[in-house]
Amino acid sequence: MAKAIRISKTGGPEVMEYVDVEVGEPGPGEVRIRHAAVGLNFIDCYFRSGLYPQPLPAGLGQEAAGTIEAVGAGVSDFKVGDRVAYAGRPNGAYAEARVMPADILVKLPDAISFDTAAAMMLQGMTVQYLLRQTYAVQPGDTILFHAAAGGIGLIACQWARALGANLIGTVSSDEKAALAKAHGATHVINYKTENFVERVKEITGGRGVQVVYDSIGRDTFIGSLDCLRPRGMMVSFGNSSGPAAPFAVSELASRGSLFLTRPSLGNYTSTRAELEATAADLFAVVNSGQVSIEINQRYALKDVAQAHADLEGRKTTGSTILVP
Ligand SMILES: NC(=O)c1ccc[n+]([C@@H]2O[C@H](COP(=O)([O-])OP(=O)(O)OC[C@H]3O[C@@H](n4cnc5c(N)ncnc54)[C@H](OP(=O)(O)O)[C@@H]3O)[C@@H](O)[C@H]2O)c1
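If you're wondering where the values come from, they're calculated on a predicted model, not measured in any experiment.

## What about the sheet that holds strand β4 (residues 58-59)?
Then, in step 1: Spatially, β2-β1-β4 is the arrangement adopted by the three strands of the open sheet, whose pairing is antiparallel. Both edges of this open sheet fall to β2 (17-21) and β4, since each of them pairs with a single strand only.
Then, in step 2: Two strands pair when backbone bridges link them, and strand β1 (residues 2-7) and β4 are joined in this way by two bridges, in the antiparallel orientation. Across the sheet, residue Ile 7 finds its bridge partner in β4, namely Ala 58.

Quick look at the structure:
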């Protein structure tokens, strides 16, 4: 038996129950892993609230790090005792231990602690594909990145600086602005008190930016399009304020032949080769010291409702882990 979080209905943080579950033995292609640390991500709130549907009852959580305890038939790349981490489906990382497919695991280099791995696999690999693949950021580019003091945001500020780009970050408070700047943002806009479209135009001398990374959705989507220069790229990768309203494709033409993509990590790590290359690039940038993973909140797994309330209440900065 192990403690785990289960939901039998969707709703607010209170629907998450801390229960005993039978973990069992791994089947073909599976391993049993004992978690040392579990990552908290905004996507977990979407599954909990029902914005992203899944059959119920269900587990939650897509990211953790720990040690392999048992290996099922046909698993040759991993053995008992391996230090591993993962980011992705199936949900169920909010647990002391679980049985899961081996094919989304990566081995952890000795220099990466379990806490750091649990905090960075999902957010860090997301930043990797956003900045290095969806739109490959070049030295001298000016880019707009919303929620720059969040988990994804602080990693993006540092990685963009390492790539030689000028990152304009948006945040909702002066404290978050200072944090984003300290991590490499060139300019910071408080989008609660300032008009971010006007400020981006001012900062870029009226030209606009090459790319916008927008994880806010409803509250920022159209404004983000207005920040782009002709033939710029709109990367809509989240819904922290709710899903963006439907819009006419012709809006892309009237703003200057814009590009729009709605990417997700799974589509960039769907083969072993893609997953290993993305993780290796993340490990390298962290090992080099160019990106440090800021774990600014830790909660006991049983207190996950508080963690969700704080994340959705915009009280967190950087990354958050749950301790089983
Ligand atoms: N597509 C992908 O592959 C992928 C992968 C990972 C994450 N994501 C998305 O990336 C985003 C960031 O994820 P994260 O885990 O690192 O979270 P996070 O950025 O640490 O937290 C979300 C932040 O969004 C901002 N925000 C703006 N409006 C908000 C609202 N109405 N309610 C709550 N927050 C609001 C807040 O920062 P301010 O207070 O500064 O505004 C808040 O701190 C999420 O939208 C997530 O779904 C997408």
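This is not the end of the story, as more comes after the structure.
## Remarks on the environment of Leu 228
Then, in step 1: If you trace the backbone, Leu 228 turns up in strand β13 (residues 228-236).
Then, in step 2: Given the relative accessible area of 5%, Leu 228 is considered buried.
Then, in step 3: Note: C-alpha distance between Leu 228 and Gly 206 (22 residues apart in sequence) is 10 Å.
Then, in step 4: Ignoring sequence-local partners within four residues, the contact set of Leu 228 consists of Arg 207, Gly 208, Val 209, Gln 210, Val 211, Val 212, Met 233, Met 234 and Leu 258.

## Considerations on the packing of aromatic side chains
Then, in step 1: Enumeration over the complete set of coordinates arrives at seven aromatic pairs.
Then, in step 2: Between Tyr 129 and Tyr 268, the ring centres sit 4.2 Å apart and the planes meet at 15°, which makes this aromatic pair stacked. Remark: Tyr 268 occurs in helix α8 (residues 265-268) and Tyr 129 occurs in helix α2 (residues 114-134); sequence separation between them is 139 residues. When sorted by exposure, Tyr 129 lands in the same class as Tyr 268, which is buried.
Then, in step 3: In this structure an aromatic cluster arises from ring pairing among Phe 42, Tyr 46, Phe 47 and Tyr 52.

Conventions used here
- Residues numbered from 1 in each chain as written.
- Predicted model: local features only at pLDDT ≥ 70, side-chain atom pairs only at ≥ 80, totals over all residues.
- Heavy atoms only, no water.
- Pairing = 2+ DSSP bridges.
- Helix = DSSP H or I, 4+ residues; strand = E, 2+ residues; numbered from the N terminus.
- Buried < 20%, exposed > 50% of the residue type's maximum accessible area, 1.4 Å probe, protein only.
- Contact = heavy atoms within 4.5 Å.
- Phe/Tyr/Trp six-rings, centres within 6.5 Å; stacked < 30°, edge-to-face > 60°.

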